[in-house]
4 protein chains.
Amino acid sequence: MPSTWGKIFKVTTFGESHGISVGVVIEGIPAGFPVDMEKIQKELDRRKPGQSSITTSRQESDQVKIVSGIFEGKTIGTSLAMIVDNKDHRSEDYEKLRHVFRPSHADYTYHAKYGHRSHVGGGRASVRETIARVAAGALAKQILEQELGIVTIAWVDSVGDIFANITQNFPNSIEEVDQNIVRCPDSKMAELMEERIREVRKSGDSIGGTVRAVCKNVPPGLGDPVYDKLEADIGKALLSIPACKGVEFGSGFEGTKLTGSAHNDEFYVEKETNQIRTKTNRSGGIQGGISNGETIMVRAAFKPTATISQEQATVNDTPEEVTTKVGGRHDPCVLPRAVPIVEAAIHLVLMDAYLYQRALNPSWHQKWKKE
Amino acid sequence: MPSTWGKIFKVTTFGESHGISVGVVIEGIPAGFPVDMEKIQKELDRRKPGQSSITTSRQESDQVKIVSGIFEGKTIGTSLAMIVDNKDHRSEDYEKLRHVFRPSHADYTYHAKYGHRSHVGGGRASVRETIARVAAGALAKQILEQELGIVTIAWVDSVGDIFANITQNFPNSIEEVDQNIVRCPDSKMAELMEERIREVRKSGDSIGGTVRAVCKNVPPGLGDPVYDKLEADIGKALLSIPACKGVEFGSGFEGTKLTGSAHNDEFYVEKETNQIRTKTNRSGGIQGGISNGETIMVRAAFKPTATISQEQATVNDTPEEVTTKVGGRHDPCVLPRAVPIVEAAIHLVLMDAYLYQRALNPSWHQKWKKE
Amino acid sequence: MPSTWGKIFKVTTFGESHGISVGVVIEGIPAGFPVDMEKIQKELDRRKPGQSSITTSRQESDQVKIVSGIFEGKTIGTSLAMIVDNKDHRSEDYEKLRHVFRPSHADYTYHAKYGHRSHVGGGRASVRETIARVAAGALAKQILEQELGIVTIAWVDSVGDIFANITQNFPNSIEEVDQNIVRCPDSKMAELMEERIREVRKSGDSIGGTVRAVCKNVPPGLGDPVYDKLEADIGKALLSIPACKGVEFGSGFEGTKLTGSAHNDEFYVEKETNQIRTKTNRSGGIQGGISNGETIMVRAAFKPTATISQEQATVNDTPEEVTTKVGGRHDPCVLPRAVPIVEAAIHLVLMDAYLYQRALNPSWHQKWKKE
Amino acid sequence: MPSTWGKIFKVTTFGESHGISVGVVIEGIPAGFPVDMEKIQKELDRRKPGQSSITTSRQESDQVKIVSGIFEGKTIGTSLAMIVDNKDHRSEDYEKLRHVFRPSHADYTYHAKYGHRSHVGGGRASVRETIARVAAGALAKQILEQELGIVTIAWVDSVGDIFANITQNFPNSIEEVDQNIVRCPDSKMAELMEERIREVRKSGDSIGGTVRAVCKNVPPGLGDPVYDKLEADIGKALLSIPACKGVEFGSGFEGTKLTGSAHNDEFYVEKETNQIRTKTNRSGGIQGGISNGETIMVRAAFKPTATISQEQATVNDTPEEVTTKVGGRHDPCVLPRAVPIVEAAIHLVLMDAYLYQRALNPSWHQKWKKE
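The sections below set out a description of the structure shown in this document. (Residues numbered from 1 in each chain as written. Chains lettered and ligands numbered in written order. Predicted model: local features only at pLDDT ≥ 70, side-chain atom pairs only at ≥ 80, totals over all residues.)

**What about the relation of the copies chain B and chain D?**
Then, number 1: Mapping chain B onto chain D calls for a screw motion: a turn of 180° about the axis and a shift of 0.0 Å along it, with 0.0 Å RMSD after fitting. Classification of the inter-copy transformation places it as that of a two-fold axis.
Then, number 2: Taken together, the interface assignments show that 100% of the residues at the interface of chain B recur at the interface of chain D, consistent with an identical surface on both copies. (Least-squares fit on C-alpha atoms with pLDDT ≥ 70 in both. Contact = placed C-beta atoms within 7 Å.)

Here's what the structure looks like:
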């Protein structure tokens, strides 16, 4: 199972849900960068289970531990490993799932692919794997912020059919997003969303939704056509998050209904800065696979959590048809916890694109790096 | 500019729109496979410009030439190169675009990223680059078909706001799709789509749309979590096609509105084959990032062609605000030609996932390979 | 700092000499393989410091801990992480080296490359990094042995100018090699070597030497021309071991003095097996970059340990010329401990080549795999 | 068959000896670099067959053709393809080798690995494949020279047991090397070498030898521990050249006989430049896998050409024992033509290491790049 992301800023992850630990090794880190461990921990806290009354009740402190790559507070250019231990795993809860495949889970496909698998807690398919990405992304975020001033903010845009009403007034900070436990900056809709989540949990069910994200202050020039276009890499990063089934950039699926004359983003010259800008942003900040200096805009679809506590028809590995009623603890809605994961995924893509661009075009770097 | 796709079945491409040739080098091809060159040419013909009255009038025969990797009709395991020459390029048409950035094109972002660029015909950002993928994908298709029986069929599902009405009766062959020039198997809606395309062309405009694709007979077990999930890799492959701005799998964005109990695909045991199957297919044939044996279902959004012949406000590289009216030849709607490109992209992903799975699990291969 | 080896069986390592731990993450492991942890520990024991009176006196038990990738004793195909904690580090010994570059060490080059570095214990340049390779190689060894019957044996062939006299009677097991602490199966010369090592240690000096290795039962067909020829990949693996400055295969440097008629290995058909064999083995088991079924033969040169306790002229980072006398503990001769590292390096190469070949040629695998 | 070299400056090659063409695609080229095509052709001329009376008589002009990646004389950052056509191939010469394996060639191993192979002219195992590396290396050379002032010079150091006497007075230019057809700057020994080559050719035989190379003006800081140490990557690059069976750096195998006190390179501060230098250079310009600013020194062993025109015992693919007498044209000694290949291999490694270092450490680049 390949578990590596990136060409230069390379992230390799490991760890099953109910093993000892999950962790990440990062190669390609510039030396001399002062790492703020508290900021990394903060992102893990935003992701961790049990953080609010609408997430799973599994209790994990998810304290991150640095194993290598830092000396006297700064990176030394070597591979940096971070580890988070698993604590509140109750493997015994899963014994009855040893031979049964939960519907819409990865149980059956892992069985078909690998033969031998861990049936406890989803093993490697568990969302605990995303700890590793969030930790790595939190490091990338620090570097991108310091070097280029990039700010990425994601939020819950819909839960079920309840949509936030945020079209232009994008949030300016993750604090705005975190002001409610749903992580939706439209506080009015957030209330309805929260209610909906409590409702489905009560009925032993779950619900899907969408996350939107924006990246501000991305200079023009990041992203590498042909195959590594920025949409392609961000799209892959998001689609590799458990439960994500769709992504769209800028005008996305709706934009396909327009004509070119209605859809094209006309350029103009911004007076104050003499920068080339676009009047509209249907491209979502990316043209030809490369950032164009406008805000990057992306939306990701998350299906309802597959784990529900209602009885369902399924099969076992004999195979025979059986019914199953899954106990254990789970999120009635993954969306609030998906927010920091989406941000981390985007940071990993931007960081790798940034280092690649730095390798190929030092004068671009001279022009765009912050003082 | 990285131009490589894949881990084992590795595809590296080259060529600008108005250079001598475009081409592809493929590493990781099993030896002894009898290549049907006519079938490769056929896919290129489905992609080529000037193929019908609703595509660009640029005339290119796009004849493919094998340079290496085949001996006496069969692959020899070495890197296989295919080249297609550019013939009908009229570089002079582009002189007035030397300093002007066309709206929603890659002109400005290439300038910002690379400094020095080719302004003729979009250079490497041109859709001519996709010749290379289509040729490589056509080879992958042959191998996948012979070894596993996989059949991939894409079609135009919408043009502007005109949608085909195809929910369950998916086409069974590319011939069904190719029966009209729009490549939409719903012949009634295809007529309306064709009309719409002629309309926008007449007004010097363009129009977007969506492509759907299904892959049949994919055995359970292809796709590699964590980062290389099948949705992630197919998503990346599609999002790297010029003009693609969104993808969704199975129930996609609509599915996010459902509850888990309504969305989960229950398993059952198929009597005749004793295979594990799902009653519904909201997962789109992929669970936990791995194929589950059901039909893979994906949809891709293509924005309207950026090139239109109406006058538009834009800027030059001074930068100054100017207007531009692009001559040259272009597709009023990329969708019909996108169909074989989408199929090729999917084939490249499946082929690579197949070889990786073959490396790791020979008994899986024994079980699923065709006689 | 890239720290990854391999294309399919991918090994990523981390850890500085005086950090918390060193470790390795392995991707691309076949699922269902029963891992013998004792055998992995045994290889680490052969590598560990303080194992005999002629190695460094640093005391480390180097107990390996599995963090992921194994469930109920067998691999599950997920990334497998192993960690070894550092215990007996005395960072305070190194304070006086904070600004001083030890001659022929990596101190100055790390400083020039990274700016900020760990001056304690060589940081990432320490031979402690090889723990990770030895652990990963020990896993590869088990798989190669079970699947193909491959046996790799390395030994100390020279210490200084004292050479073992082993030309044809290669050792048949690592036990033969381990019968003395020098790890030279020519017991007579081993005594002289041991004496020489004690001598240089006494004078605060060190000494170089060579390791030879043979791989038996490698089927014909492993190794991937063009760039990933078996000599190229094994050569790289060995040259990446600290202190290794040269490698040669088969007849090596001496063979360059011969004519083709004297050097070529003539083929014959082995009666009992009907296998194609060579009468001589000047090719060292590799032709055209691919194993030919004969014993693979390689030799590696290790320079004398750079750390000596005599006073030496050097510079600091001002830069100023100073003298230094290194305390700390170190190996007077790296050769005995290099033996398991060389074996591990070779196993990693063969394992990756094996999986790649399995991906591309399943019928080769059917032919050569052990029952 | 993987045919790719490099992490950022990625070189992918294709082409069999008797196919239509051989070629190379290079990704990761900085944009805006003015390519001197004559200099690339010059390196190919130094490599081409038939260039002198002591090389093979196959006549190939080896004219290189640029297919992509350059616009108006400068690179545009896109993948750059170069192609050289094969002209003087006489495939009919090889018909009798369809089923026979030439001793010490790649015929048998390709057969064992791939099953189906090209028996004409060695197919992909032919030295014609090196055209691609030489072309790519010649481009890397131009960039390295302009950006860092690096100069790499290789020469023939021995033919059979005739050794040049060049210890300190390394040649200063490739013109010094090219002053005789053997490419040995010790003109006295060059005469003896040439005589020896004519002698073995006359007797239908061949002879081996060694090439040495030096790289001057390499700033400290290139090369990436752990696995991608500069010795490891250069070693791999050289060992992947056909017929190369060994490499050594600096003091190499001889250095293993020394003690640390005799071998260590003491540092001093160079007055004029205030640079840190070493008094001796037994490290061969590389410490800890990273360049230290001294001249890089490497030696490569080339076995005698396997193709000889004397009758030899061998086997066919039945298998049966037969004799073979190879006609065709071949080099009695590959060494003179190996010189530009060795230089190209080293340039590819340095170029990739340079771009990686540029990505990770922009201030290093500011310090070391030429005005």
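Next comes the rest of the description.
**Structural notes on helix 6 (residues 230-239) of chain C**
Then, number 1: Here helix 6 of chain C lies mainly inside the structure; 10 of its 10 residues are buried.
Then, number 2: Along helix 6 of chain C, the positions that sit buried rather than exposed are Leu230, Glu231, Ala232, Asp233, Ile234, Gly235, Lys236, Ala237, Leu238 and Leu239 of chain C. (Buried ≥ 20, exposed ≤ 12 C-beta atoms within 10 Å, placed from the backbone. Helix = DSSP H or I, 4+ residues; strand = E, 2+ residues; numbered from the N terminus.)

**A look at the interface of chain B and chain A**
Then, number 1: Listed per partner, the contact involves 90 residues of chain B and 91 residues of chain A.
Then, number 2: Here the side of chain B that touches chain A gets 6 residues from one element, more than from any other, and that element is helix 6 (residues 230-239) of chain B.
Then, number 3: Here the side of chain B that touches chain A is composed, by residue class, of 35 nonpolar, 36 polar and 19 charged.
Then, number 4: Bridge count for strand 12 (residues 244-249) of chain A against strand 12 (residues 244-249) of chain B is 3 bridges, and the pairing is antiparallel. From the neighbouring strand, Val247 of chain A faces strand 12 of chain B, where its bridge partner is Val247 of chain B. (Nonpolar A, V, L, I, M, F, W, Y, C, P; charged D, E, K, R; others polar. Pairing = 2+ DSSP bridges.)

**So, the relation of the copies chain B and chain A**
Think of it as a corkscrew move, a rotation about one axis and a shift along it, taking one chain copy to the other.
Then, number 1: You can overlay chain B on chain A at an RMSD of 0.0 Å; the transform is a turn of 180° with a shift of 0.0 Å along its axis.
Then, number 2: In this assembly, 100% of the residues forming the interface of chain B have copies in chain A that are likewise at the interface, indicating an isologous arrangement.

**A word on the sheet that holds strand 3 (residues 21-27) of chain B**
Within a sheet, each strand pairs with its neighbour through backbone hydrogen bonds, oriented either parallel or antiparallel.
Residues and elements named next belong to chain B.
Then, number 1: Ordered in space as 1-2-3-7-4, the 5 strands form an open sheet in which the pairing is antiparallel. In the strand order of this sheet, the two ends are held by strand 1 (4-5) and strand 4 (64-66), each with one partner.
Then, number 2: Of the strands in this sheet, strand 2 (10-14), strand 3, strand 4 and strand 7 (80-85) touch helix 3 (residues 130-148), which is tilted by about 35° from strand 3. (Axes fitted to C-alpha atoms, helices over the stretch in contact; angles between N-to-C directions.)

**As for unusual backbone geometry**
Then, number 1: Cis geometry is adopted by the peptide bond preceding Pro319 of chain B, which originates at Thr318 of chain B and carries an omega value of 5°.
Then, number 2: In this structure, Val226 of chain D follows Pro225 of chain D across a cis peptide bond, with omega equal to 20°.
Then, number 3: Along the polypeptide, Val226 of chain D turns up in the loop between strand 11 (209-216) and helix 6 (230-239).
Then, number 4: Positive phi outside glycine occurs at Asn274 of chain A, with the angle close to 60°.

**Topic: the sheet that holds strand 17 (residues 296-302) of chain A**
Then, number 1: Spatially, 10 strands are ordered 10(A)-9(A)-11(A)-17(A)-12(A)-12(B)-17(B)-11(B)-9(B)-10(B) in an open sheet, and the strand pairing comes out antiparallel. Of all the strands in the sheet, the pair left with one neighbour each is strand 10 (162-163) of chain A together with strand 10 (162-163) of chain B.
Then, number 2: Sheet analysis places strand 12 of chain A next to strand 17 of chain A, joined by 5 bridges and oriented antiparallel. Within strand 17 of chain A, the position partnered with Val247 of chain A by the bridge is Ala300 of chain A.
Then, number 3: Along the sheet, helix 9 (residues 335-360) of chain A contacts strand 9 (151-159), strand 11 (209-216) and strand 17 of chain A; its crossing angle with strand 9 of chain A, the most-contacted strand, is approximately 145°.

**Things to note about the pairing of strand 13 (residues 267-270) of chain D**
Residues and elements named next belong to chain D.
Then, number 1: Here 4 bridges tie strand 13 to strand 14 (residues 275-278), and the two strands are oriented antiparallel to one another. Pairing of Val269 across the sheet is with Ile276, part of strand 14.
Then, number 2: The antiparallel hairpin formed by strand 13 and strand 14 contains 4 residues in its connecting segment, where Asn274 sits at a positive phi of about 60°.

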